[in-house]
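# Observations on the three-dimensional arrangement
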Amino acid sequence: MELPWLGEHCSERSCKQLDFLPLKCDACGEVFCKDHIRYDDHKCSSAYKKNVQVPVCPLCNTPIPVQKGEIPDIVVGTHIDKDCKYNPAQQKQKIFTNKCLKPGCKRKEMMKVVCEQCGGNFCIKHRHPLDHDCKGSSQPISKAGYAALMRASQPSFKSPGAIGVPSNGNRQHNRCR
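Residues numbered from 1 in each chain as written. Predicted model: local features only at pLDDT ≥ 70, side-chain atom pairs only at ≥ 80, totals over all residues. Heavy atoms only, no water.

What follows concerns the side chain of histidine 36. Within the element layout of this structure, histidine 36 appears in the loop between β4 (31–32) and α1 (47–50). Given a relative accessible area of 17%, histidine 36 falls into the buried group. Here histidine 36 is in contact with Cys10, Glu12, Cys15, Asp41 and His42, once residues within four sequence places are set aside. (Helix = DSSP H or I, 4+ residues; strand = E, 2+ residues; numbered from the N terminus. Buried < 20%, exposed > 50% of the residue type's maximum accessible area, 1.4 Å probe, protein only. Contact = heavy atoms within 4.5 Å.)

See below:
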């Protein structure tokens, strides 16, 4: 051995390996090699201080306190029998509950989609007043909605002041013809 002052020997009685990168157990404070650092590997007497596991109820996902010396399975079983707040109806709660009021439509949405004019609840497809034959107020709330209604109700036409681009690529104004 050329450098005996480097590293430390494993504290495990059966090992005593000289380790240049020794690991210190956070429970008992002794030094071990990589093969004996786990609590079970060196039979740590202080493992109960660090190796604490809290069981969780499989039904309500609540952590269950277990006293020293108690068997976790029995404590969880007692919790399920007496204190568990598990509600089976809560698990089967429907998400899509907002049914579309348009006759013939059977779609349901997660959130309410309320028409601003008639106050009815509709699916995404029928949310606009034109899509569900709205019987609400005659004037839409916004100017943009009014403009959309006007465009939808009139046949398509070319404005006399529109600029046309003929097939030859020259721009001409319709009024100049």
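The next point concerns the pattern of salt bridges. A side chain of one charge can pair with a side chain of the opposite charge when the charged atoms of the two come close. As enumerated under the stated definition, the model contains 4 salt bridges in all. Across the pair lysine 34 and aspartate 35 runs a salt bridge whose closest N-O atoms are separated by 3.3 Å. Residue classification places lysine 34 among the exposed residues on the basis of a relative accessible area of 64%. Among the residues examined, aspartate 35 registers a relative accessible area of 43% and is labelled partly exposed. The closest approach of N and O atoms between arginine 107 and glutamate 109, which form a salt bridge, is 3.7 Å. Owing to a relative accessible area of 12%, glutamate 109 belongs among the buried residues under this scheme. (Salt bridge = Lys/Arg side-chain N within 4 Å of Asp/Glu carboxyl O.)

Close reading of the predicted structure is inappropriate where its pLDDT is low. Chain-level statistics for the protein chain give a pLDDT mean of 79 and a share of 78% at 70 or above. Averaged pLDDT values over the elements of the protein chain bottom out at 50 in strand β7 (residues 163–164) and peak at 93 in β4. (pLDDT = per-residue confidence, 0-100.)

Another aspect to go through is a positive patch on the surface. Taken together, the side chains of Lys94, Lys99, Lys106 and Lys108 present a region of like positive charge at the surface. Mapped onto the elements, lysine 106 comes out in the loop between β5 (98–99) and β6 (108–109). (Patch = residues over 30% accessible without salt bridge, like charges linked within 9 Å, V, L, I, M, F, W, Y side chains within 5 Å. Areas by Shrake-Rupley, 256 points an atom, 1.4 Å probe, with all protein chains shown as cover. Lys, Arg positive; Asp, Glu negative; His and termini not counted. Charge placed at Lys NZ, Arg CZ, Asp CG, Glu CD.)

This part takes up helix α2 (residues 72–82). Residues of α2 that are buried include every one of Val75, Val76 and His79, and no others. Projected onto a plane normal to the axis of α2, the buried residues spread over an arc of 95° and lie on a single side. Opposite the buried face of α2, by more than 90 degrees, sit the exposed residues Asp73, Ile74, Asp81 and Lys82. (Arc of directions from axis to C-beta.)

Time to look at the side chain of asparagine 98. Here asparagine 98 is to be found in strand β5. Note on asparagine 98: relative accessible area 11%, which makes it buried. Other than its neighbours up to four places away in sequence, asparagine 98 contacts Arg107, Lys108, Glu109, Met110, Met111, Lys112 and Asn121.

A surface patch of nonpolar side chains, amounting to about 520 Å² of accessible area, comprises Trp5, Leu6, Phe20 and Leu21. Along the chain, tryptophan 5 falls in the segment before β1 (8–9).

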